[in-house]
Amino acid sequence: MKHTKVKDLLNSTKTLHEVNAKGWVRTFRNNQFIALNDGSTIHNIQCVVDFENTPEETLKRITTGAAVSVTGELVESKGAGQKFEIQVKKLEILGDSDAEKFPMQPKKHSLEFLRANAHLRVRTNAFGAIMRVRSVLSFAVHNYFQERGFVYVNTPVITGADAEGAGEMFQVTSLPLDNLPKNEEGTIDYSKDFFGKHTNLTVSGQLEGETFAMALGQIYTFGPTFRAENSNTSRHLAEFWMIEPEVAFNNLDDNMDLAEDFIQYVIKYTMDKCQDDLKFLEGRLLEEEKSKPQAERSEMSLLEKLNFVLENNFKRVSYTEAIDILRDSTPNKKKKFQYIINEWGADLQSEHERYLVEKHFKCPVILFDYPANIKAFYMRLNEDGKTVRAMDILFPGIGEIVGGSQREERYDVLVEKMKALGIDEEELWWYLDTRRFGSAVHSGFGLGFERLVLFVTGMTNIRDVIPFPRTPMNAEF
Ligand code: ATP
Ligand code: MG
Ligand code: MG
Ligand code: MG
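Residues numbered from 1 in each chain as written. Chains lettered and ligands numbered in written order. Predicted model: local features only at pLDDT ≥ 70, side-chain atom pairs only at ≥ 80, totals over all residues.

## Regarding the overall build of the protein chain
Move 1: Looking only at helices and strands, one finds 14 helices and 16 strands in the protein chain.
Move 2: Dimensions along the principal axes, computed over C-alpha positions, put the protein chain at roughly 85 × 60 × 45 Å.
Move 3: Per-residue burial for the protein chain yields a buried fraction of 37% across its 477 residues.
Move 4: Pairs at least 24 residues apart make up 68% of the contacts formed inside the protein chain by residues separated by at least 6 positions. (Helix = DSSP H or I, 4+ residues; strand = E, 2+ residues; numbered from the N terminus. Buried ≥ 20, exposed ≤ 12 C-beta atoms within 10 Å, placed from the backbone. Contact = placed C-beta atoms within 7 Å.)

The structure is reproduced here in structure tokens:
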């Protein structure tokens, strides 16, 4: 008999004479009640075992984590909560689970413990919910762009381009590590490590994406991105997924409109499709909040926060205005952070970003027109000669979620900028071609998918919203 998903059984419109469900035991109470989960929903279905007619040997094998198949009648449930339950007629143990050794017993585990068991943590309610939400969010990403005629482009993972110039690249080599080519001084020549060329894992698909936007009009990438972030923050991974739309004939204002509309769409889509999971995650957060002192508790629940983002425009503020605000913020040395920034031209630290979003504006903020010298080489220089048409979107609890810009479309200005920064023109000859043949205004942004998942799930550490986190601390799987 083909099994039916637990989600469909719980949503059944009527009782059913015979059904089969397969899944994993979450708990087994009173030698009678199995809470069965198959991953299709946050909810378990209660399976009532006829313990008098079930061999003692079998009952003993119904342990947390075991895979079982239950066949029986779908009846109305009298207990609180669920509409239906299964009166089990036939029970089969498909895979035993040693109760003593199974690490995911139904109790509260620390997130650190769960991270160390990334292959099993998905069997908990919270991680099941997070991974379903992540999956729906990524579908929403494709939906948004596909509905609007964007072409999905897969940019290379192995590339010679360092779009960000931040020196955070993982090198790729095709050669045996003990036989890397040497230069005249006898030290390793990293410029020849990939079949005679230098390559690294992509830090952004933007430069390649731009070349496609200049032919296909509107494109997006959505793929893995790698940065050798040798630090352990709750917002950085060494491997993360980035969404990068790029649109020809769009300026910075269009780019901000696109980013805002996009974020609101994917959140709305996911709220509609993941109601049970989000409700569960909201409840989990409320529990956590209770253990905090009153003053530190969040004023809004998870769903209120998500709705707030849908209902309010993001506040658009220039970098220069932001610096003025930060300069005017009362410096109070007793406070955890001193928000004040005195210098125009300094890059904002995450505490500055969070001050602007959480304390000052109390809504998502788009900061634009940053000083040219703190942003990447490809951004469009403004007429003032010192700022560029860049924007960062800052979210409460997260800080930067999007980095984007209008690109420098003028060949001469771009080349001059590259020269000043010591970027090899010859290496980027193909990128410069976009400015030599039919150059036009264009813009795009990069959104870190995990930062979006963080926001939507209300989680606080980026390691908890990706199946297998890659950080200096977590890479053993
Ligand atoms: P940050 O200032 O947080 O280090 P960034 O300015 O270096 O980010 P960008 O180069 O602007 O990042 O990349 C675009 C987006 O990719 C960021 O806004 C962020 O959402 C995401 N992102 C960047 N680095 C990481 C990372 N190491 N892990 C996860 N997401 C990241
Ligand atoms: Mg960075
Ligand atoms: Mg940044
Ligand atoms: Mg950025």
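We are not done yet, so read on.
## Some remarks on the pairing of strand 5 (residues 84–95)
Move 1: When strand 3 (residues 45–48) meets strand 5, the two strands line up parallel, connected through three bridges. Its bridge partner lying in strand 5, C47 is registered against I86.
Move 2: Both strand 4 (residues 67–76) and strand 5 contribute to a ladder of ten bridges, which runs antiparallel. By the bridge assignment, V70 is partnered in strand 5 with L91. (Pairing = 2+ DSSP bridges.)

## Considering the site of ligand 1
Move 1: Lining the immediate surroundings of ligand 1 are 17 residues, of which H236, F240, G403, G446 and G448 lie closest.
Move 2: Of all the secondary structure elements, the ones that give two or more residues to the shell around ligand 1 are strand 11 (239–248), strand 15 (399–406), strand 16 (442–448) and helix 14 (449–457).
Move 3: Take the shell around ligand 1: its biggest share by element is four residues, from strand 15.
Move 4: Here the residues of the shell around ligand 1 sort into six nonpolar, four polar and seven charged. (Near = placed C-beta within 6 Å. Nonpolar A, V, L, I, M, F, W, Y, C, P; charged D, E, K, R; others polar.)

## Considering the environment of A295
Move 1: Assignment of secondary structure puts A295 in the loop between helix 8 (275–290) and helix 9 (302–311).
Move 2: Take A295: there are 5 C-beta atoms within 10 Å of it, and that puts it in the exposed class.
Move 3: C-alpha separation for the pair A295 and I93, spaced 202 residues apart in sequence, amounts to 50 Å.

## Comments concerning the nonpolar core
Move 1: Judged by nonpolar contacts, the single largest core of 76 residues is most densely connected at V133, L137 and I393.
Move 2: Top element by residues in this core is helix 5 (residues 125–147). It accounts for eleven residues.
Move 3: With residues near it in sequence (within four places) discarded, L137 still touches V266, T270, L452, V453 and V456.
Move 4: Membership of the second largest hydrophobic core comes to 22 residues, among which are F28, V49, I62 and F84. (Core = buried A, V, L, I, M, F, W, Y, C linked by C-beta atoms within 7 Å.)

## Some points on helix 14
Move 1: With nine of nine residues buried, helix 14 is to be regarded as a mostly interior element.
Move 2: For helix 14, the complete set of buried residues consists of F449, E450, R451, L452, V453, L454, F455, V456 and T457.
Move 3: With its phi angle positive at about 75 degrees, G458 sits one or two positions after the end of helix 14.

## Some details on the packing of helix 10 (residues 319–328) against helix 11 (residues 350–361)
Move 1: Contact geometry of helix 10 with helix 11 gives a least axis separation of 11 Å together with a crossing angle of 80 degrees. With respect to each other, helix 10 and helix 11 are oriented roughly perpendicular. Contact residues: helix 10 offers A322, I325 and L326, while helix 11 offers H352, Y355, L356 and H360.
Move 2: Grouping the amino acids of the contact of helix 10 with helix 11 by side-chain chemistry returns five nonpolar, two polar and no charged. (Axes fitted to C-alpha atoms, helices over the stretch in contact; angles between N-to-C directions. Parallel < 35°, antiparallel > 145°, perpendicular 65-115°, else oblique.)

## Details of unusual backbone geometry
Trans peptide bonds make up most of the peptide bonds, and negative phi angles are found at most residues other than glycine.
Move 1: Residue N30 is not a glycine yet carries a positive backbone phi of 50 degrees.
Move 2: Relative to the assigned elements, N30 resides in the loop between strand 1 (16–29) and strand 2 (33–37).
Move 3: Even without glycine at this site, D369 takes up a positive phi of about 55 degrees.
Move 4: If you trace the backbone, D369 turns up in strand 13 (residues 365–371).

## Structural notes on the sheet that holds strand 8 (residues 171–172)
Move 1: Strand order in this open sheet of three strands is 7-9-8, and the pairing throughout is antiparallel. Taken across any chain shown, the strands that pair with only one partner, and hence form the sheet edges, are strand 7 (158–159) and strand 8.
Move 2: Across two bridges, strand 8 lies against strand 9 (residues 199–201) in antiparallel orientation. Of the residues in strand 9, the one forming a bridge with V172 is T199.

## A look at the confidence of the model for the protein chain
Move 1: Residues at a pLDDT of 70 or more form 95% of the protein chain, whose mean pLDDT is 92.
Move 2: The complex prediction reports pTM at 0.94, with the ipTM value standing at 0.99. (pLDDT = per-residue confidence, 0-100.)

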